[in-house]
Amino acid sequence: TFETECVGPSKASYRARIQKDYAKERSRFMDAYNQKLLNGVTMASLLGVIVFRFIWVLPLFELIAWGGFLFLEMYLKTHSLLFTDTS
């Protein structure tokens, strides 16, 4: 509706302003989304460690859960470029 209803000399400046705000909000949304996703996967791996350690004693699955947890905590936190938006 912006393209059809906005007329006049300020249309270009408002279009640039809207695009800038859109890009800023998209970046903020992607950062929040990726942080929530990382937290969820980390909690799932910890839950896997607890479940396979105390409820179902399956050492191989516990080791896989520990490996996932260590990968998420060490590698992804030190290489945060993997979770940045490149577009």
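Owing to the predicted nature of the structure, the values given are computational and were not obtained by experimental measurement. (Residues numbered from 1 in each chain as written. Predicted model: local features only at pLDDT ≥ 70, side-chain atom pairs only at ≥ 80, totals over all residues. Heavy atoms only, no water.)

(A) Fine view of the packing of helix α2 (residues 11-55) against helix α3 (residues 59-78). Between α2 and α3, the shortest axis-to-axis distance is 8 Å and the interhelical angle comes to 150°. Between α2 and α3, the angle falls in the class roughly antiparallel. Crossing handedness for the pair α2 and α3: left-handed. Facing Leu-38, Val-41, Thr-42, Ser-45, Leu-46, Gly-48, Val-49, Phe-52 and Arg-53 of α2, the residues of α3 in contact are Phe-61, Glu-62, Ala-65, Trp-66, Gly-68, Phe-69, Leu-72, Glu-73, Leu-76 and Lys-77. Of the residues belonging to the contact of α2 with α3, the class tally is 11 nonpolar, four polar and four charged. (Axes fitted to C-alpha atoms, helices over the stretch in contact; angles between N-to-C directions. Helix = DSSP H or I, 4+ residues; strand = E, 2+ residues; numbered from the N terminus. Parallel < 35°, antiparallel > 145°, perpendicular 65-115°, else oblique. Left-handed = near helix turned anticlockwise from the far one by under 90°. Contact = heavy atoms within 4.5 Å. Nonpolar A, V, L, I, M, F, W, Y, C, P; charged D, E, K, R; others polar.)

Purely geometric stuff here, so don't read any function into it on its own.
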